Amino acid sequence: AELEKKTGAVAAVGMQGRYSPGVQYLKELLAGGEIGKPLFFHMTHFLPRFAVRSDHWWSATRESGSGVLNIAMSHATEPLQFLLGDITSVCGMGETLLPADQYTDTGEPFNWTAEDTAAVLARIDGGPQGVIHGSNLGTQRSGFHLQVFGERGQLVIGAPGYASYAPTRVYKAVRDEQALVEMPVPERFYHAQKI
């Protein structure tokens, strides 16, 4: 942003997750008071480790900006902030739990330096606090999962991969009920709309 101001160049950030039909629907439900005031949240984004070719060695390094914190958790945090507000404070940690790997094209061994797992405690501006936990050591089935707990119940959204690319499903539970009930995403959210 500072370089943009200084040079007059145009800079942009591409937001993706907020355009998911399920995320759009969840935004509407939250804004309509479906569960009352959000009190806290819990978000996980567990994906499998991506394959690395020897000519893309840099994609496994911390210095290149790779890793779970800068990639997977950034993709997950964008819809979180769209839904609940800006994150104002965090504390957390990240680690490379499984450094050993092999290049897919040569079979040559190498070590990851980019973190593959991270956990963050975050506070939303004027809103709830919650936990964001991500890993590139999960399974594709785990994917993106966000639970928002409110005064009158909880709303849950899940996707088998990134919320921006995979189909999302939305669920609701009313306080004092055990079962989550799927809330089918209305067809209107599957069409282009201005946000």
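Here, the structure is the one placed above.
Residues numbered from 1 in each chain as written. Predicted model: local features only at pLDDT ≥ 70, side-chain atom pairs only at ≥ 80, totals over all residues. Heavy atoms only, no water.

Caption draft 1: View of helix 2 (residues 21-31). With 8 of 11 residues buried, helix 2 lies mostly within the body of the structure. Those residues of helix 2 lying buried are Pro21, Gly22, Val23, Gln24, Tyr25, Leu26, Leu29 and Leu30. Those residues of helix 2 hidden inside the fold are in contact with strand 1 (38-46), helix 3 (72-84), strand 7 (143-150), strand 8 (153-159) and strand 9 (169-174). The first or second residue beyond helix 2 is Gly33, which carries a positive phi of 75°. (Buried < 20%, exposed > 50% of the residue type's maximum accessible area, 1.4 Å probe, protein only. Helix = DSSP H or I, 4+ residues; strand = E, 2+ residues; numbered from the N terminus. Contact = heavy atoms within 4.5 Å.)

Caption draft 2: The arrangement of a nonpolar patch on the surface in detail. On the surface, a nonpolar cluster with roughly 260 Å² of combined accessible area is contributed by Leu97, Leu98 and Leu137. Its location among the elements puts Leu137 in the loop between strand 6 (129-135) and strand 7. (Patch = residues over 30% accessible without salt bridge, like charges linked within 9 Å, V, L, I, M, F, W, Y side chains within 5 Å. Areas by Shrake-Rupley, 256 points an atom, 1.4 Å probe, with all protein chains shown as cover. Salt bridge = Lys/Arg side-chain N within 4 Å of Asp/Glu carboxyl O.)

Caption draft 3: Region of the structure containing unusual backbone geometry. Even without a glycine there, the phi angle at Asp176 is positive, about 75°. The exposure class assigned to Asp176 is exposed, which follows from its relative accessible area of 78%.

Caption draft 4: Main features of the packing of aromatic side chains. Applying the stated criterion to the full structure yields 6 aromatic pairs. Arranged with centres 5.2 Å apart and planes meeting at 75°, the rings of Phe50 and Trp112 form a pair that is edge-to-face. With Phe50 in the loop between strand 1 and helix 3 and Trp112 in the loop between strand 4 (109-111) and strand 5 (117-124), this pair connects stretches of sequence that are 62 residues apart. Take Trp112: its relative accessible area is 6%, and that puts it in the buried class. An angle of 15° between the planes, with centres 4.2 Å apart, marks the rings of Tyr103 and Phe110 as stacked. Here Tyr103 and Phe110 have matching classes, each one buried. One aromatic cluster in this structure is built from Phe50, Tyr103, Phe110 and Trp112. (Phe/Tyr/Trp six-rings, centres within 6.5 Å; stacked < 30°, edge-to-face > 60°.)

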